[in-house]
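# Descriptive structure summary
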Amino acid sequence: MKSSIILKKHFDTSALIKKIKDYLSGFNEELFKKAIKFAQKAHEGQLRKDNKTPYVVHPLSTVEILSDLHAPEEILLAGLLHDIPEDTKHNISEIKDLFGEKVAFLVEGVTKLSKVHYQHNMPERQVESLKKLFLHSAKDPGAILIKLADRLHNMRTLEFVSPEKRLRIAGETLEIFVPIANLLGIQDLKCKLEDLCFKYLFPTEYKNLKEKLSDINKKNKKHLNKFIKTLDDAFRTIGISAEATERKQNLYTIYKKLSSCGKSIEDIVGRNAIKIIVKTIPQCYEALGIVHSKYIPKVGKFKDYIANPKMNKYQSLHTMVFGVDGMLGEVQIRTKNMHLEAMYGIASNFFSGNGEKENINKDARSAWMNKIVEIEKNGKSSDDFIEDLKVDIFQDRIYIFTPKGGKIDLPRGASAIDFAYAIHTEIGNNAIKAEINNNFMPVTSMLKNGDVVSIITDKKSRPSLSWLSFVKTSLARTKIQNSLKKTNRKKKIEEGCKLLQKEFDIAQLGFFKKVNFKRTKKKLTDRFGRNFRNFDDLFTAIGEGRIKAVDVTKLFSKADKKDLSGIRLDVKVLARNRFGLLRDISEIFYRYSSNMISLKAWSLRKMKDACFYVKIVVKDIEDIGHIFDEIEQIDTVKSVYRVPYSKLYFSYFLIFVSGIVWFFHPLALKFLAPQKLMADVISYVGVLSLLVMAIFITRLIRNYIPYARNKKLIWAIVFGIPVLGISTLFLELRLLDIQRSWLPILIELVIIYFYLLKSFWELKRYS
């Protein structure tokens, strides 16, 4: 009784019950009150993080959020009981006995796994709990709705947890739960979660933007009211029943626009945004005609999402007009049902009034959960599972069309390879080219929304290891890896070796064969959780696509130790000249760079070839890898490489000094000829300098100039320098009539060529 009195001070259960009864016919009030008492007793003595509020207020608040979605009774009951198995002595069996199997199933899906079992690896617990939630949601999406409501209330009370935990929860919400709300089409929940994440992740930006937005809205209020009144009057005159109201954008959406397009806040929110609700679809187009008759539309800003709905079933007409006093106006026109779909997505099924919750199981917006089940079946590590979710499921989506009009749903940034595997495994395995919008392109080409794609195949063709750098979907990645596993071990070692060396070159780490394997072994074991006996085992794993070469590279790279300023990158690209080449190359650099310092381009060989020199800053090594991979796939590109300017400048200096020494040393020999010891020293040191030069140049080529490793001309010069030097020395000694022993010189020459031949063979074998 005492606990009931305390609860009344913090939460009005009567108002909640009345709210539910208003929309849910046949609501079992007694069963719900029974559940409240059960939850209250189970959580008795527990407080929220503010140390004032009874814990049971949290599940009640979760139910209140679910009632806004018009959730059915079983989901409401599960929302009320969702924390009991995790935080109290009661278990799922008791809930099943008291409230039924369906409620128990939903509660079990939301309940996190045991803290005791995962006490030494709590991040693993988080991931496994997510897997469990998604597997339950694939059978009943009600579980994910409860989790979203639970997360929204937790976000509203996030100020009471520690700063570290606050950032972790806000980050997780933005990366995982916001995309889920978007996929389910529940824009109301999505926007609320986004703004709360924004508040805690970027508090300064949040505060400043909120204040500026408030000021701008006050200034625009007069124009907005006049804009709405003009349209209302026009609708009444024509006889259309339409309701025009202000449409507010959430803060985080505005912040993302400001961050991505470089515009001022006035450019984005300094306009009137309204939505118009009508009764029928024909009236949507009629209302659009009225809007365009009153105000001039802005060219290129009309979108028909009624005829072509978004992936989450969003439908509406979007237009932009020059409104009151020339101020831009953003207008969205939709029916009432479309508005419910836009606001509540999958939960809009609950607004039909018939309480048929089975509809959400059949709703297309829950189909992505089955993809998660497929990802989970692959048995990947926790890190890979989360990464696949972010890339394959939660990323923005695009529609790609087959020549016959079939629609394939892919994540943004997907390539033609992803498209090929989405159609059929054999088409992916045998793909050699893609016809994109009637243009033949590499299968690694990135696709854009609305592209029409056809895949050209060859039965002799097989997937390439390099494809893994371009695919976005876990389906394509798994199919490629399965194919790579079937190749012989020698081929895997060869491909893995080449790929690892390429990543080492990109990171400017030198020749990986010089890495001490014994010292490396522990790093590899700690990072990948498996024991490698030698480099060949590592190459095999890379060649099968089970380990990313870039992840191995990160173990040795100093540049990836999260330098906040980023990694400075000097890149040179050589290509056969053609129209549009500059555009294709610059697009890739702009996509991955955090700062573009300079981009220079010039033609070579009477306009036949083109050279590009680019200075940019990127976030990490992985971005560098993406740049190289994508540029190499551009038509007519011959080579792309990093330019080690500091090393090159030093080598130029050394060559210059050596040239000066060799130019003037005959004078020194002539002057010191009578002093046999000094003359000998100069002769032998001169030859020794050739050895030093040979070592330096070969190491420079090996470690920092990968494009020169197999250049015959460069190696001819390298092999020719010692011969030239010795020949010069021989002529000098003959002309100056100086008698010296040639044995030490010949020994040094043999050592020089032994070293050069060894380096040449090593580079030829492993490059």
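The structure presented is a predicted model; accordingly, all values stated were derived computationally and were not measured. (Residues numbered from 1 in each chain as written. Predicted model: local features only at pLDDT ≥ 70, side-chain atom pairs only at ≥ 80, totals over all residues. Heavy atoms only, no water.)

### Quick notes on the overall build of the protein
Applied cut-off: Segments assigned H or I by DSSP are reported as helices when at least four residues long, segments assigned E as strands when at least two residues long, and all are numbered from the N terminus. By definition, residues are in contact when any of their heavy atoms lie within 4.5 Å. The Shrake-Rupley method, run with a 1.4 Å probe sphere, supplies the accessible areas, and residue values consider only the shown protein chains as cover.
Each helix and strand counted, the protein has 33 helices and 15 strands in total. Long-range contacts, defined as pairs at least 24 residues apart, comprise 68% of the intrachain contacts of the protein with a sequence gap of at least 6. Total accessible area on the protein is roughly 39400 Å²; 55% of this is exposed by carbon and sulfur atoms.

### With respect to helix α29 (residues 621–632)
Formally: By this rule, a helix spans an expected 1.5 Å times one less than how many residues it contains. With a 1.4 Å probe rolled over the protein chains alone, any residue whose accessible area is under 20% of its type maximum counts as buried; one over 50% counts as exposed, and the rest are partly exposed.
Helix length check: α29 (twelve residues) gives 17 Å between terminal C-alpha atoms against 16 Å at 1.5 Å per residue, within 8%. Taken as a whole, α29 has its buried residues at I621, D623, I624, G625, I627, F628, D629, E630 and I631.

### Some details on the packing of aromatic side chains
Condition: Here a Phe, Tyr or Trp ring, Trp counted by its six-membered ring, pairs with any other such ring whose centre lies within 6.5 Å, and the pair is stacked when the planes are under 30 degrees apart, edge-to-face when over 60, and tilted otherwise.
Summed over all chains, the structure comprises 13 aromatic pairs. Aromatic pair F198 and F202: ring centres 6.3 Å apart, planes at 55 degrees, arrangement tilted. Its relative accessible area of 0% is what places F198 among the buried residues. Classification of F202 as partly exposed rests on a relative accessible area of 30%. For the pair F202 and Y255, a centre-to-centre distance of 5.6 Å together with 35 degrees between the ring planes defines the contact as tilted. Remark: Y255 occurs in helix α14 (residues 251–261) and F202 occurs in the loop between α12 (187–201) and α13 (203–238); sequence separation between them is 53 residues.

### Digging into the sheet that holds strand β13 (residues 593–604)
Stated precisely, the cut-off is as follows: Strand pairing requires that DSSP identify at least two bridges connecting the strands. In this analysis, axes come from line fits to C-alpha atoms, helices being fitted only over the stretch in contact, and the angle between any two N-to-C directions falls in the range 0 to 180 degrees.
With antiparallel pairing, four strands are arranged side by side in an open sheet as β13-β14-β12-β15. Since the sheet does not close on itself, it has two edges, and those belong to β13 and β15 (637–642), each with one partner. Going across the sheet, the axis of each strand differs from the next one's by a mean of 15 degrees, ignoring polarity. Here five bridges tie strand β12 (residues 567–576) to β15, and the two strands are oriented antiparallel to one another. Paired with V571 across the bridge in β15 is R642.

### Describing the pairing of strand β14 (residues 609–618)
In terms of burial, β14 is a largely internal element, nine of the ten residues being buried. As defined by bridge partners, β12 adjoins β14 across ten bridges and the pair is classed as antiparallel. Across the sheet, I567 pairs through a bridge with V618, a residue of β14. Taken together, the ten bridges between β13 and β14 define a ladder with antiparallel strand orientation. Pairing of S598 across the sheet is with K615, part of β14. Between the end of β13 and the start of β14, which pair antiparallel, lie four residues, with R605 showing a positive phi angle near 50 degrees.

### A look at the nonpolar core
Note the threshold: Think of a nonpolar core as a cluster: buried Ala, Val, Leu, Ile, Met, Phe, Trp, Tyr and Cys residues, connected wherever their side-chain atoms sit within 4.5 Å.
Residues F32 and L81 are the most contacted members of the largest nonpolar core, which totals 79 residues. Setting aside its immediate chain neighbours within four residues, L81 contacts A35, F38, A39, I95, F99, V103 and V107. In this structure, L465, A476, F528 and F539 belong to the second largest nonpolar core, which totals 44 residues.

### Describing the environment of E622
Looking at the element boundaries, E622 is found in helix α29. Taking the C-alpha atoms as reference points, E622 and E503, 119 residues apart in sequence, are found 9.2 Å from one another. Once you skip the residues sitting within four places of it in the chain, E622 turns out to touch K548, V550 and K554.

### A closer look at the sheet that holds strand β10 (residues 439–441)
Here we have three strands laid out as an open sheet, ordered β10-β9-β11, and antiparallel in their pairing. The strands lining the two open edges of the sheet, one partner per strand, are β10 and β11 (453–457). Between one strand axis and the next, the sheet turns by 30 degrees as a mean value, whatever way the strands run.

### A short note on a positive patch on the surface
We apply this condition: Put simply, a patch holds well-exposed residues, over 30% relative accessible area, that have no salt bridge, with like charges counted together within 9 Å and Val, Leu, Ile, Met, Phe, Trp or Tyr side chains within 5 Å. The term salt bridge refers to a pairing of a side-chain nitrogen on Lys or Arg with a carboxyl oxygen on Asp or Glu at a separation within 4 Å. Lys and Arg are tallied as positive, Asp and Glu as negative. Neither His nor the chain termini are counted. For this purpose, a charge sits on NZ of Lys, CZ of Arg, CG of Asp or CD of Glu.
Taken together, the side chains of K298, K301, K303 and K310 define a basic patch exposed on the protein surface. Tracing the backbone shows K298 in the loop between β3 (296–297) and β4 (303–304). Overall, K298 belongs to the partly exposed group, its relative accessible area being 31%.

### Section: the packing of helix α3 (residues 29–42) against helix α5 (residues 73–81)
The geometry of a pair of packed helices is captured by two quantities: the angle between their axes and the separation between those axes. Selection rule: Angle categories: roughly parallel below 35 degrees, roughly antiparallel above 145, roughly perpendicular from 65 to 115, and oblique for all the rest. In this scheme the crossing of two helices becomes right-handed for a clockwise turn of the near helix relative to the far one and left-handed for an anticlockwise turn of less than a right angle.
Orientation of α3 relative to α5, taken along the N-to-C sense of each, is 10 degrees, at an axis distance of 9 Å. Accordingly, the angle class assigned to the pair α3 and α5 is roughly parallel. For the crossing formed where α3 meets α5, the hand is right-handed. For the pair α3 and α5, the contacting residues are L31, F32, A35, I36, F38 and A39 in the first and E73, L76, L77, L80 and L81 in the second.

### Points about the pattern of salt bridges
Taken as a whole and judged by the stated rule, the model has 29 salt bridges. R568 is the salt-bridge partner of D570, the closest N and O atoms lying 4.0 Å from each other. You can call D570 buried: its relative accessible area is 15%. For R568, a relative accessible area of 42% translates into the label partly exposed.

### Details of the environment of K210
Within the element layout of this structure, K210 appears in helix α13. A residue is classified by how much of its surface remains accessible, and K210, at 47% relative accessible area, is partly exposed. Between the C-alpha atoms of K210 and N250, which are 40 residues apart in sequence, the distance is 9.9 Å.

### With respect to the side chain of K190
When you line up the elements, K190 lands in helix α12. When near neighbours in sequence (up to four residues on either side) are disregarded, K190 contacts V178, A181 and N182.

### What to know about the side chain of T540
The line we're drawing: Nitrogen and oxygen atoms within 3.5 Å of one another constitute a polar contact, given that in protein one can donate a hydrogen and the other can accept it, and given that sequence-neighbouring residues count only through two side-chain atoms.
Structurally, the position occupied by T540 is in helix α26 (residues 535–543). Overall, the relative accessible area of 8% leaves T540 in the buried class. A polar contact is formed between the side chain of T540 and the backbone oxygen of D536, at a distance of 2.7 Å. Once residues lying within four places of it in the same chain are set aside, the contact partners of T540 are R489, K492, I493 and R546.

### Some points on the packing of helix α21 (residues 416–423) against helix α23 (residues 474–485)
The test is simple: The nonpolar class holds Ala, Val, Leu, Ile, Met, Phe, Trp, Tyr, Cys and Pro. Asp, Glu, Lys and Arg form the charged class, and all remaining residues, Gly among them, are polar.
Running from amino to carboxyl end, α21 crosses α23 at an angle of 85 degrees, the nearest separation of the two axes being 9 Å. Judged by the inter-axis angle, α21 sits roughly perpendicular to α23. Mapping the contact onto sequence places I417, D418, Y421 and A422 in α21 and L475, A476, K479 and I480 in α23. Residues that form the contact of α21 with α23 fall into these classes: six nonpolar, no polar and two charged.

### What about the confidence of the model for the protein?
Which entries qualify depends on this criterion: Summary of the metric used: pLDDT quantifies the predictor's per-residue confidence within the range 0 to 100.
Per-residue pLDDT for the protein has a mean of 81; in total, 79% of the residues score no lower than 70. In the predicted structure, residues 114–122 sits below a pLDDT of 50 and forms eight contacts with residues beyond four places in sequence or in another chain.

### Some remarks on a nonpolar patch on the surface
On the surface, F650, F653, F656, V657 and I660 cluster together into a nonpolar patch covering about 500 Å² of accessible area. Along the chain, V657 turns up in helix α30 (residues 645–672). For V657, a relative accessible area of 33% translates into the label partly exposed.

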